[in-house]
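Read off the chains here:
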Amino acid sequence: MKTVGVFDSGVGGLSVLRALLAELPGVRFVYVADSAHAPYGERTVAEISDRSERITAWLRHTHHIDALVVACNTATAMAIDSLRATHPDLPIVGVEPALKPAAASSRTRHIGVLATRGTLNSERFARLRTQLENSAVSPVHFICQPCDGLADAIERDDQQTQQALCERYVTALREQAPGDMDTVVLGCTHYPFAANVLARLLGSDVALVDTGAAVARRTRDVLNMATKPDALATPPQLFSTGEPSALASAAKRWLGLQTQAGKLTV
Ligand code: DGL
């Protein structure tokens, strides 16, 4: 049986784990929430690279993982190059805001992007954005909104703050949009867990796009595995550098998992 490590700054990567469990039921997943150091969105490249390296080293030494999924847009933007350089023999799948799928499906060509400040300020994001905005065939316009505090409110399951911040950021998106937005990219793996609130605020004409399913398909390709929808699902192992019971209850609430989480110190 293959083992895949998955990590995020906290509980947000559970949105990616949900897609991985559906796509690859025959794989053993080990999930790490770095909740003691969340949120990553306002941290430096050096801090995030250090956290990503410590977690990856632990997943390799303790769980002998066959592949790693960086289930965090911010850590992908800031640390995936250094992780790949340090672990050239380990297949590593990253997560980046779904600008390409959004550009492929948008009719109005005005697309909102909600993400952390770290992701939006990264070179990786700038490259992807410029490439699509300057497309000779079918250019698009991205309206980018950093969502300070939103991942943290989701991390703490603070519904009231989530509602207030979503209202603030949706209003800001609308104010900046030069035309009708028909698509909004959820560029942080925490945000699918606020999708209901965002969908209510944006209205039914706006499609929300996230990357969970695409990342799961890419992981299957990397592992070179065939689809086995009837394989017996293996419960994932969960670890948190913060409060393990908070991770276990988020996994129960959002994924229906009845799994305990362990405490991790790295
Ligand atoms: N879930 C992460 C992301 O996709 C990080 C959010 C945060 O910790 O700020 O960007």
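Everything below is about the structure shown above.
Note that the structure is a prediction, hence the values are computed from the model and not measured.

Each value, and the rule that gives it
Residues numbered from 1 in each chain as written. Predicted model: local features only at pLDDT ≥ 70, side-chain atom pairs only at ≥ 80, totals over all residues. Heavy atoms only, no water. Salt bridge = Lys/Arg side-chain N within 4 Å of Asp/Glu carboxyl O. Helix = DSSP H or I, 4+ residues; strand = E, 2+ residues; numbered from the N terminus. Buried < 20%, exposed > 50% of the residue type's maximum accessible area, 1.4 Å probe, protein only. Pairing = 2+ DSSP bridges. Axes fitted to C-alpha atoms, helices over the stretch in contact; angles between N-to-C directions. Contact = heavy atoms within 4.5 Å. Near = heavy atom within 4 Å. Polar contact = N/O pair within 3.5 Å; in protein donor to acceptor, adjacent residues only side chain to side chain. Parallel < 35°, antiparallel > 145°, perpendicular 65-115°, else oblique. Left-handed = near helix turned anticlockwise from the far one by under 90°. Arc of directions from axis to C-beta. Phe/Tyr/Trp six-rings, centres within 6.5 Å; stacked < 30°, edge-to-face > 60°.

S.K.: Pulling in residues and values, what's your account of the pattern of salt bridges?
M.R.: Tallied over the full model, the rule gives 12 salt bridges. Residues R51 and D34 are paired through a salt bridge, measuring 2.8 Å at the closest nitrogen-oxygen approach. In this pair, R51 is assigned in helix α2 (residues 45-63) and D34 in the loop between β2 (28-33) and α2, connecting sequence segments 17 residues apart. Considered together, R51 and D34 belong to a single accessibility category, that of buried residues. In this structure, the salt-bridge partner of D158 is R156, at a minimum N-O distance of 3.2 Å.

S.K.: Describe the sheet that holds strand β7 (residues 183-186), with residues and values.
M.R.: As summarised here, the arrangement of the 4 strands in space is β6-β5-β7-β8, forming an open sheet in which the pairing is parallel. The open sheet has two edge strands with one neighbour each: β6 (141-146) and β8 (207-209). Within the sheet, the average angular offset between the axes of one strand and its neighbour, ignoring direction, is 25°. Of the strand pairs in this sheet, β7 and β8 are connected by 3 bridges, and their pairing is parallel. What sits directly across from V184, in β8, is L208.

S.K.: Which residues make up the environment of S52, and what values do they have?
M.R.: Along the polypeptide, S52 turns up in helix α2. Given a relative accessible area of 0%, S52 falls into the buried group. A sequence separation of 43 residues divides S52 from S9, and the C-alpha atoms of the two residues are 9.2 Å apart. Those residues in contact with S52, other than ones at most four positions away along the chain, are F7, A75, A79 and L83.

S.K.: An account of the site of the ligand is needed here, citing residue identities and associated values.
M.R.: The full set close to the ligand counts 13 residues, and S9, Y40, G41, T74 and H190 are the nearest of them. Contact distances for the ligand include 3.0 Å between a nitrogen atom and a side-chain N or O atom of D8. One of the backbone N or O atoms of G41 is found 2.8 Å from an oxygen atom in the ligand.

S.K.: Can you tell me about the packing of helix α1 (residues 14-23) against helix α10 (residues 212-223), naming the residues and giving the values?
M.R.: It is at 8 Å that the axes of α1 and α10 come closest, and there the two elements cross at 50°. Viewed along their axes, α1 and α10 adopt a mutual orientation that is oblique. Pair α1 / α10 crosses with right-handed handedness. Residues V16, A19, L20 and E23 of α1 form the contact with α10, whose own contacting residues are G212, A213, V215, A216, R217, T219 and R220.

S.K.: Which residues make up helix α9 (residues 195-202), and what values go with them?
M.R.: Those residues of α9 that sit buried are A195, V197, L198 and L202. Buried positions in α9, seen along its axis, are confined to an arc of 160° and lie on one side of it. Set apart from the buried face of α9 by more than 90 degrees, the exposed residues are N196 and R200. Phi turns positive one or two residues past the end of α9, at G203, with a value near 90°.

S.K.: Residue-level account of the sheet that holds strand β3 (residues 67-70), with values.
M.R.: The sheet built from 6 strands is open, its strands ordered β4-β3-β1-β2-β9-β10 with parallel pairing. Two strands lie at the open edges of the sheet, namely β4 (92-93) and β10 (261-263), each paired on one side alone. Of the strand pairs in this sheet, β2 and strand β9 (residues 237-240) are connected by 4 bridges, and their pairing is parallel. Across the sheet, residue V32 finds its bridge partner in β9, namely F239. Here α2 sits on the sheet and contacts β1 (3-8), β2, β3 and β9; the angle it forms with β2, its principal contact strand, is near 150°.

S.K.: So what's going on with the packing of aromatic side chains? Residues and values would help.
M.R.: This model, assessed by the stated rule, comprises 2 aromatic pairs. Between W58 and F239 the ring centres are 5.0 Å apart and the planes differ by 70°, which places this aromatic pair in the edge-to-face class. With W58 in helix α2 and F239 in strand β9, the pair connects residues that are 181 residues apart, well separated along the chain. Using a relative accessible area of 17% as the deciding quantity, one classes W58 as buried. Relative to W254, the ring of F193 lies with its centre 3.7 Å away and its plane at 5°, an arrangement referred to as stacked. Residue F193 is located in the loop between β7 and α9, and its partner W254 is located in helix α11 (residues 244-255); the two are separated by 61 residues in the primary sequence. Of the two residues examined, F193 and W254, each falls in the buried class.

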